[in-house]
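Here's the letter readout for the chains.
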Amino acid sequence: MRRLVILTGAGISAESGIPTFRDPGGVWEKYDLEQVATPEGFRRNPDLVHEFYNARRRDLLRVEPNAAHLALAELERSWPGEFLLVTQNVDDLHERAGSRRVIHIHGELLKVRCEVCGRVFRETGKIFTRTPCPFCGKPGGLRPHVVWFGETPFHLEEVYEALIRCELFVAIGTSGTVYPAAGFVEVARRAGAHCVELNLKPAENAHLFHEHRYGPATRVVPEWVREVLEESLSGSGKAL
Ligand code: APR
């Protein structure tokens, strides 16, 4: 099995200090999703939405990739076949760990988009409702370059192209509740892929996976990576 697609969710970054969304104490317990993560919420109260994302951007700059991110970067460097890492996370911890082929289907926290001129650019500081776009100079058009509920995720065509060809699909630290990502395992299964879940506890869609490893990502991901790399080098084993 040489064609590998990995899907990551908030659980992989939890031990770096970024709270997940739906675990106890998660983001959606503290904030109203409708207010801060929908286009309607942004139209109603852009100040609040900018405040929420400014704080998340600041918090992201204070944390570091963990052993799970590093293990996936090592896997990509050593993997003998096709490799694609798809993440629902808006953090940049995969890139900082050294991953190269990463698709952010829910956008990126350190990017901002101008809805007037369409430019997407890197932003590590704060933006406000009236902050002018550094490219077109117009105020009022900047928004986080993230995908809100009700919006279409990015780069899905490329993701599905990889899924329909993949032989090994691995979902890491995701609750399997948000579509389309929660449905990727079904596409991979139909393609005949061996599907593995690495998670703290079973996801909503856990029954769709052939294999499960439960525990914190910083333990289960490096362990699994070591195993698949050993199997790929020896050219044997069930996963390869
Ligand atoms: N190691 C591994 N998994 C963990 C850990 C950990 N240390 N801590 C939590 N988890 C698991 C939880 O068991 C759960 O399955 O991570 C998952 C987190 O689930 P969610 O909070 O729902 O995060 P995610 O699946 O990424 O959410 C999907 O929902 O709100 C939107 O856009 C947001 O991209 C996000 C999407």
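Summary of the structure given here. (Residues numbered from 1 in each chain as written. Predicted model: local features only at pLDDT ≥ 70, side-chain atom pairs only at ≥ 80, totals over all residues. Heavy atoms only, no water.)

A short note on the packing of aromatic side chains
Phase 1 of the analysis: In total, this model carries 10 aromatic pairs according to the counting rule given.
Phase 2 of the analysis: Ring centres 4.8 Å apart and planes at 65° place the aromatic pair tyrosine 31 and phenylalanine 52 in the edge-to-face group. One end of the pair, tyrosine 31, is in the loop between helix H2 (27-30) and helix H3 (33-36); the other, phenylalanine 52, is in helix H5 (residues 46-60), and 21 residues separate them in sequence.
Phase 3 of the analysis: Owing to a relative accessible area of 5%, phenylalanine 52 belongs among the buried residues under this scheme.
Phase 4 of the analysis: Relative to phenylalanine 184, the ring of tyrosine 160 has its centre 5.5 Å away and its plane inclined at 85°; by these criteria the two rings are edge-to-face. Of this pair, tyrosine 160 sits in helix H8 (residues 156-163) while phenylalanine 184 sits in helix H9 (residues 184-190); the two residues are 24 residues apart in sequence, bridging distant segments of the chain.
Phase 5 of the analysis: Judged by its relative accessible area of 30%, tyrosine 160 is partly exposed.
Phase 6 of the analysis: Seen from the ring of phenylalanine 135, arginine 119 lies directly overhead, with NZ or CZ sitting 3.8 Å from the centre.
Phase 7 of the analysis: When the ring centre of tryptophan 148 is taken as origin, the NZ or CZ atom of arginine 143, which lies over that ring, is 3.8 Å away. (Phe/Tyr/Trp six-rings, centres within 6.5 Å; stacked < 30°, edge-to-face > 60°. Helix = DSSP H or I, 4+ residues; strand = E, 2+ residues; numbered from the N terminus. Buried < 20%, exposed > 50% of the residue type's maximum accessible area, 1.4 Å probe, protein only. Lys NZ or Arg CZ within 6 Å of the ring centre and 35° of its normal.)

A few points about the site of the ligand
Phase 1 of the analysis: The full set close to the ligand counts 23 residues, and Phe21, Arg22, Trp28, Thr174 and Ser175 are the nearest of them.
Phase 2 of the analysis: Between the ligand and phenylalanine 21, the relevant distance is 2.7 Å, taken from an oxygen atom to a main-chain nitrogen or oxygen of the residue.
Phase 3 of the analysis: At 2.9 Å from an oxygen atom of the ligand is found a side-chain nitrogen or oxygen belonging to histidine 106.
Phase 4 of the analysis: By residue class, the composition of the shell around the ligand is nine nonpolar, 10 polar and four charged.
Phase 5 of the analysis: Residues lining the shell around the ligand come from more than one domain, with at least three contributed by each of domain 1 (1-17 + 65-106 + 153-240) and domain 2 (19-62 + 107-146). (Near = heavy atom within 4 Å. Polar contact = N/O pair within 3.5 Å; in protein donor to acceptor, adjacent residues only side chain to side chain. Nonpolar A, V, L, I, M, F, W, Y, C, P; charged D, E, K, R; others polar. Domains from an automatic or database assignment.)

Focus on unusual backbone geometry
Phase 1 of the analysis: The omega angle of the peptide bond from tyrosine 179 to proline 180 is 10°, so this bond is cis rather than trans.
Phase 2 of the analysis: If you check the backbone angles, histidine 155 has positive phi at about 60° while not being a glycine.
Phase 3 of the analysis: Along the chain, histidine 155 turns up in the loop between strand E6 (142-146) and H8.
Phase 4 of the analysis: Classification of histidine 155 as partly exposed rests on a relative accessible area of 47%.

A few points about the sheet that holds strand E2 (residues 83-87)
Whenever strands of a sheet pair, they do so through backbone hydrogen bonds, lying parallel or antiparallel.
Phase 1 of the analysis: Read from one edge to the other, the open sheet built from six strands follows the order E3-E2-E1-E7-E8-E9, with strand pairing classed as parallel. Each edge of the open sheet is held by one strand with a lone partner, namely strand E3 (102-104) and strand E9 (211-214). Between one strand axis and the next, the sheet turns by 15° as a mean value, whatever way the strands run.
Phase 2 of the analysis: Relative to strand E7 (residues 168-172), strand E1 (residues 4-8) is paired through five bridges, and the arrangement is parallel. Within the sheet, the bridge partner assigned to threonine 8 lies in E7 and is isoleucine 172.
Phase 3 of the analysis: Sheet contacts for H8: E1, E2, E3 and E7; angle to E2, the most-contacted strand, approximately 130°. (Pairing = 2+ DSSP bridges. Axes fitted to C-alpha atoms, helices over the stretch in contact; angles between N-to-C directions. Contact = heavy atoms within 4.5 Å.)

Observations concerning the pattern of salt bridges
Phase 1 of the analysis: Counted by the stated rule, this structure contains 13 salt bridges.
Phase 2 of the analysis: Between glutamate 227 and arginine 213 there is a salt bridge, with the nearest N and O atoms lying 2.9 Å from each other. Of this pair, glutamate 227 sits in helix H10 (residues 217-234) while arginine 213 sits in strand E9, and the two are 14 residues apart along the sequence.
Phase 3 of the analysis: Through salt bridges with shared partners, a single network forms among Arg58, Asp59 and Arg62. (Salt bridge = Lys/Arg side-chain N within 4 Å of Asp/Glu carboxyl O.)

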